[in-house]
Amino acid sequence: MGYKLSNGILTVDIADVGAYNGSRFDWTGFITQVTLEQGKHTFCVPESQVPGEGSGGIGLCNEFGISRAIGYDEAPVGGWFPKPGVGLLQKQTRSLYSFTHDYKVQPFTTQVEGNTHTVTYTVQAMKCGGYGMHLTKSLSLCQDQLKIAYNMENTGDRPFQTEEYIHNFIGIDGNMTGKEYELRVPGVLAVEAAESDYTTDLLQVSGDRLGWREEPDRPFYCKLGGWEPAEAGFNWELVHKPSGTGVRESGDFRVARMALWGERHVISPEVFVNISLLPRQSECWCRIYQFFTSS
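Residues numbered from 1 in each chain as written. Predicted model: local features only at pLDDT ≥ 70, side-chain atom pairs only at ≥ 80, totals over all residues. Heavy atoms only, no water.

(A) Molecular detail of the overall build of the protein chain. Helix and strand counts for the protein chain stand at 2 helices and 23 strands. Expected size for 295 residues packed as a compact globule is a radius of gyration near 19 Å; at 19 Å, the protein chain falls within 12% of this value. Taken along the three principal axes of its C-alpha coordinates, the protein chain extends 50 × 45 × 40 Å. Considering the protein chain as a whole, with its 295 residues, one finds that 49% of them fall into the buried category. Restricting to contacts in the protein chain with at least 6 residues of sequence separation, those with at least 24 account for 63%. (Helix = DSSP H or I, 4+ residues; strand = E, 2+ residues; numbered from the N terminus. Rg over C-alpha atoms; globule rule 2.2 N^0.38 Å. Buried < 20%, exposed > 50% of the residue type's maximum accessible area, 1.4 Å probe, protein only. Contact = heavy atoms within 4.5 Å.)

(B) Molecular detail of the sheet that holds strand β19 (residues 236-240). Here we have 10 strands laid out as an open sheet, ordered β9-β10-β11-β12-β23-β20-β19-β14-β17-β16, and antiparallel in their pairing. Where the open sheet ends on each side, the last strands, each with one partner, are β9 (109-114) and β16 (203-206). Taking each pair of neighbouring strands and ignoring which way they run, the sheet shows an average axis angle of 15°. As paired strands, β16 and strand β17 (residues 209-212) are joined by 4 bridges and run antiparallel to one another. (Pairing = 2+ DSSP bridges. Axes fitted to C-alpha atoms, helices over the stretch in contact; angles between N-to-C directions.)

(C) Structural view of the sheet that holds strand β8 (residues 105-107). Taken in spatial order, the 3 strands of this open sheet run β6-β7-β8, and their pairing is antiparallel. Edge positions in the sheet fall to β6 (80-83) and β8, since each has one partner strand and no second. Strand-to-strand twist of the sheet, defined as the mean angle between neighbouring strand axes without regard to direction, takes the value 25°.

(D) Here's a closer look at the pairing of strand β11 (residues 133-142). Side chains of β11 alternate between two faces, with Met-133, Leu-135, Lys-137, Leu-139 and Leu-141 buried and His-134, Thr-136, Ser-138, Ser-140 and Cys-142 left unburied. Where strand β10 (residues 118-124) meets β11, 7 bridges bridge the pair, whose relative direction is antiparallel. The partner of Thr-118 across the bridge, within β11, is Ser-140. Pairing of β11 with strand β12 (residues 145-154), which is carried by 10 bridges, proceeds in the antiparallel orientation. Across the sheet, residue Ser-140 finds its bridge partner in β12, namely Lys-147. Counting the residues that bridge the hairpin from β11 to β12 gives 2 residues, and of these Gln-143 lies at a positive phi of roughly 55°.

(E) Spatial organisation of the pairing of strand β13 (residues 160-168). Along β13, 8 of the 9 residues are buried, which leaves the element largely enclosed by surrounding structure. Pairing analysis gives 5 bridges linking strand β5 (residues 60-64) to β13, with the strands arranged antiparallel. The residue bridging Leu-60 from the neighbouring strand is Asn-168, located in β13. Of the pairings in the sheet, the one linking β13 to strand β22 (residues 266-277) comprises 5 bridges and is antiparallel in character. Residue pairing for β22: Phe-160 is matched across the bridge by Leu-277.

(F) Looking closely at the nonpolar core. Judged by nonpolar contacts, the single largest core of 59 residues is most densely connected at Leu-146, Trp-212, Trp-236 and Leu-260. A total of 5 residues in this core trace back to one element, the largest contributor, which is β22. Here Trp-236 is in contact with Asn-168, Ile-170, Leu-183, Arg-184, Val-185, Val-247, Arg-248, Glu-249, Met-258, Pro-269, Val-271 and Tyr-289, once residues within four sequence places are set aside. Among the nonpolar cores identified, the runner-up in size contains 20 residues, and Phe-30, Tyr-72, Phe-81 and Phe-272 belong to it. (Core = buried A, V, L, I, M, F, W, Y, C linked by side-chain atoms within 4.5 Å.)

(G) Structural view of the packing of aromatic side chains. Within the structure shown, the criterion is met by 17 aromatic pairs. Between Phe-81 and Tyr-97 the ring centres are 5.9 Å apart and the planes differ by 85°, which places this aromatic pair in the edge-to-face class. Here the residue Phe-81 occupies a position in strand β6, and Tyr-97 occupies one in the loop between β7 (87-90) and β8, the gap between them amounting to 16 residues. Summarising the burial analysis for this pair, Phe-81 and Tyr-97 share the class buried. Taking the centre distance of 5.7 Å and the plane angle of 90° together, the rings of Phe-81 and Tyr-103 count as edge-to-face. Residue Phe-81 is found in strand β6, and its partner Tyr-103 is found in the loop between β7 and β8; the two are separated by 22 residues along the sequence. Members of the aromatic cluster, connected to one another through ring pairs, are Tyr-20, Phe-25, Phe-30, Phe-169 and Trp-261. Lys-91 extends its terminal NZ or CZ atom over the ring of Tyr-72, reaching a point 4.6 Å from the ring centre. Here the basic side chain of Arg-257 rests over the ring of Phe-272, its NZ or CZ set 3.9 Å away from the ring centre. (Phe/Tyr/Trp six-rings, centres within 6.5 Å; stacked < 30°, edge-to-face > 60°. Lys NZ or Arg CZ within 6 Å of the ring centre and 35° of its normal.)

Now the structure itself:
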């Protein structure tokens, strides 16, 4: 059934906690669709269009610890380690942690409170290996903006470092990736650490704008360099040029890095924030999405 936020300008559909039950993405605030009521423009698509394939990601879904899983290295094979927003995950082999692996999950207990304009998730994490964290995540609407606010407290006996980002699975009104889209990232953009020559050849950069030379026929991925989001007040802006419909993300945190992933039907700008907490310390950060159109 899910949860719905609406203010007459935006409607945000959110899956019930546990509807997505994988070991990768945060189970809370799992946004499956955003609709801009002016023109009924939609923004969210699934990672994969093939049923049963992919990660199960859809829309705006965040992940903690894609490269720094808390407590994984010291956990024994068969032991458990915590993943914020998800639960305790079981380490099954001596291999390095992989965010794509499907780990067995003991879900954390989550409380949900809200109304038509805001919803708050409180995640009570089970302590494991000396690690513990208390996560509060709130989603709220204000005019054409969606705000996602986080508070994470280290309730364990050990310090930890991790990171958080939102995997933005965006396809504006279902339009395919290609020449009709433009991504703007403040600064003098550079494509770095592209995973293939295909990605390098597909993307074209001019100043602070990135475009696609053609409709891709396979996934693409790269890191983005040269950005200066703090100076501009937003981190990225993606626009479907023929309709003037787009989405812009900003935040109140120092951007650790930015990346771009996508394929034929989806474009995913990704903005990372680093989190480093000593016992009894807490950290707050927020992301704001603005949805707009000129049609």
